[in-house]
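What follows is the residue order along each chain.
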Amino acid sequence: MNRTIGKKVFLFILTMSLLMGCRPADPLTQTASPTSPAKETATKTEIPDEIATASPTPTTTALPLNGQQTQYFIDATINYYNRFITATSRAVYTNKANIPINEIVFIIYPTIFQDAIFIKSVKKGDGTAISNFQWDSHRMVIPLASPLQPGEQIEFIHEFELYMPDRGGVFSHSGKQLNLSYWFPFIPPFDETDGWIAHEIQLVNSDFIGEFLVFEPADFNVSLGFTDRRENFKIAAPALPKEEDGVIQYEIDLIRTFTLSISDQFEVVERQVNDTTIQSYAFSEHASVGEVTADIAVEALSFYTEIYGSYDRELLSVVEFNSDIGMEFDGLIFLSPYFYNLYPGTPKSNIHVYTAHEIAHQWFFSMVGNDQALEPWLDEAFATYSEKLFYERYYPEYLSWWQENYIDYHNPSGKIDISIYFGGGLGEYRDIVYRNGACFLQDLRDTIGDEAFFRFLKAYVKENLYEIATGEDFWTILRENTDADLTPLIEEYFSTAF
């Protein structure tokens, strides 16, 4: 699939009941009886308490994106009960490439829903109206009168209205919850060879296959107001708010997207892990499971900080939301009510598995990005294998249960370096990318040993922090951390020779 903007018309004439995300293998049941041979037998391997690393030589730390990350200033007024939002978004973009840019692209995600957004105006930063933009699928393409030179900056202002679709999902208003994901115009990454990294959605049999959006980190300053009844609402966000005179202000830097979830039915509990506050948002009927989820989040955040590196953010919001999937965002994760409804009171639960999975995405998606359309294994395989590591650390007596029900039962196979456009359905996609991807990481660990494996994990995160990592980056850093022969693994799990 070409990474540059396609020329085909992007039409959706269907009711979108689900959005792409990290979906459970079987959200309606907590366990399944294996009916196919196990691909591998799970055995508990102790994770080293500390991985010995050489003392680094002090060097000057480069700023992420050379300090030229895009800045978004968003003001929104929410009429919650009428499902209506008015907003202004100002984007300050710097050309970080070494070549001139002739046009700027904005992803306008709400356009994929019928009548969900109305663009009132598009202006330059000085207020000059822009009328010559063009639509290409869900993308707004703005030609520039003169090319934007390397290091030059440009500003755009969008005034828009949102009419929230009545549905479940990450962009929705279900009646009991307002979810705002990908809700403002944003600029995708620019590649000097391929241009704007702006993909199409992949839909097979009415199912979204994986995620198609790619993000680079940006700085956000977001102001919220409500038309009435502010006292009714609890707001899940990726940053702690400052509120004055009815205006709620959020500031957070170097995140890939800014997501909110608002409800008048949330019950909230807090936990603390080092300098990070964990807030667990559950609907009133699931308040007790919200407490359990907060405790699981403490375990996952503590453990992943140990093995992947620090979580340098002040907040992690864990949010029940009205859909049948789990989904990751920066500083915020969504979990399906099915996980809460069917919680059996033991770690044999989707609430344990998928809380651990989505929190792992704080490293493998948020801190370390990837092209989720073309190389989805780089985040989903890591997040799925993190489930196993989580059980290995905290619930080793349930490790075989996890292995049998979340991996072996599905008998995963296939080359894991597929894109979302590989042609198969959602179940096959998950079996290959998520489950067989986790099998690859276990085989890699067995091949190079625990010390090298966990040293590699930390190095991979550190060296790709705030970047968009590639498969080549993965193998380059891996080979810097092991001399083992990796050829058999590549031949078994990959169609590309790295």
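Conventions adopted
- Residues numbered from 1 in each chain as written.
- Predicted model: local features only at pLDDT ≥ 70, side-chain atom pairs only at ≥ 80, totals over all residues.
- Heavy atoms only, no water.
- Pairing = 2+ DSSP bridges.
- Helix = DSSP H or I, 4+ residues; strand = E, 2+ residues; numbered from the N terminus.
- Axes fitted to C-alpha atoms, helices over the stretch in contact; angles between N-to-C directions.
- Parallel < 35°, antiparallel > 145°, perpendicular 65-115°, else oblique.
- Contact = heavy atoms within 4.5 Å.
- Nonpolar A, V, L, I, M, F, W, Y, C, P; charged D, E, K, R; others polar.
- 1 Å grid on protein atoms, 1.4 Å probe; cavity = no way out; pocket = protein on both sides within 12 Å on 5 of 7 lines; lining within 4 Å.
- Points joined across faces, edges and corners; volume = space filled by probe spheres on them.
- Buried < 20%, exposed > 50% of the residue type's maximum accessible area, 1.4 Å probe, protein only.
- Salt bridge = Lys/Arg side-chain N within 4 Å of Asp/Glu carboxyl O.
- Expected span 1.5 Å × (residues − 1).

Colleague: What am I meant to see in the sheet that holds strand β9 (residues 178-180) here?
Modeller: Pairing between the strands of a sheet comes from backbone hydrogen bonds, and it takes one of two forms, parallel or antiparallel. A sheet is described by the order of its strands in space; here four strands give the open sequence β8-β9-β18-β15, paired in antiparallel fashion. Strands at the two margins of the open sheet, each flanked by one partner only, are β8 (172-173) and β15 (234-236).

Colleague: Which parts of the structure should I look at to understand the packing of helix α1 (residues 287-308) against helix α7 (residues 450-463)?
Modeller: Angle between the axes and distance between the axes: these two values describe a pair of packed helices. Running from amino to carboxyl end, α1 crosses α7 at an angle of 90°, the nearest separation of the two axes being 8 Å. Taken as axis vectors, α1 and α7 run roughly perpendicular relative to one another. Contacts between α1 and α7 involve E306, I307 and Y308 from the former and F454, L457, K458 and V461 from the latter. Grouping the amino acids of the contact of α1 with α7 by side-chain chemistry returns five nonpolar, no polar and two charged.

Colleague: Is there a simple way to explain the packing of α1 against helix α4 (residues 377-394) in this structure?
Modeller: The contact between α1 and α4 brings their axes to 11 Å, and the two run at 105°. Here α1 is positioned roughly perpendicular relative to α4, judged by the angle of their axes. For the pair α1 and α4, contact is made by I296, E299, A300, S302, F303, Y304, E306, I307 and Y308 and by F382, S386, E387, L389, F390, R393 and Y394, respectively. Within the contact of α1 with α4, the residues separate by chemical class into 10 nonpolar, two polar and four charged.

Colleague: How should I be thinking about empty space enclosed by the protein in this particular structure?
Modeller: Over the atoms a probe the size of a water molecule is rolled, and this reveals where empty space is left. With the rule as written, the count across this model stands at three cavities of 30 Å³ or more. What the second largest cavity holds in volume is close to 70 Å³. Surrounding the second largest cavity, 13 residues form its lining, Y72, F186, I187, E216 and R256 being those nearest its centre. Listed by contribution, the elements that provide at least two residues to the lining of the second largest cavity are β1 (70-79) and β14 (218-226). Among the residues forming the lining of the second largest cavity, the class breakdown is nine nonpolar, two polar and two charged.

Colleague: Would you mind showing me how to read the pairing of strand β3 (residues 101-107) here?
Modeller: Consecutive side chains along a regular strand alternate between the two faces of the sheet. The element β3 is extensively covered by neighbouring structure, given that five of its seven residues are classed as buried. Taken together, the six bridges between β3 and strand β6 (residues 139-148) define a ladder with antiparallel strand orientation. Within the sheet, the bridge partner assigned to I104 lies in β6 and is I142.

Colleague: Before we go on, may I ask you to explain the pattern of salt bridges in this structure?
Modeller: Should the charged atoms of two oppositely charged side chains come close, the side chains can pair. A complete count under the given rule lists 17 salt bridges for this structure. Of the charged contacts in the structure, one is a salt bridge between R393 and E306, with a shortest N-O distance of 3.1 Å. One end of the pair, R393, is in helix α4; the other, E306, is in helix α1, with 87 residues separating them in the sequence. We classify E306 as partly exposed; its relative accessible area is 27%.

Colleague: Just to check I follow, could you spell out helix α6 (residues 426-448) for this structure?
Modeller: Turn by turn, an α-helix covers 3.6 residues, leaving residues three or four places apart pointing in a common direction. Across its 23 residues, α6 extends 32 Å between first and last C-alpha, which sits within 8% of the 33 Å expected from 1.5 Å per residue. Burial within α6 is extensive, with 19 of its 23 residues counted as buried.

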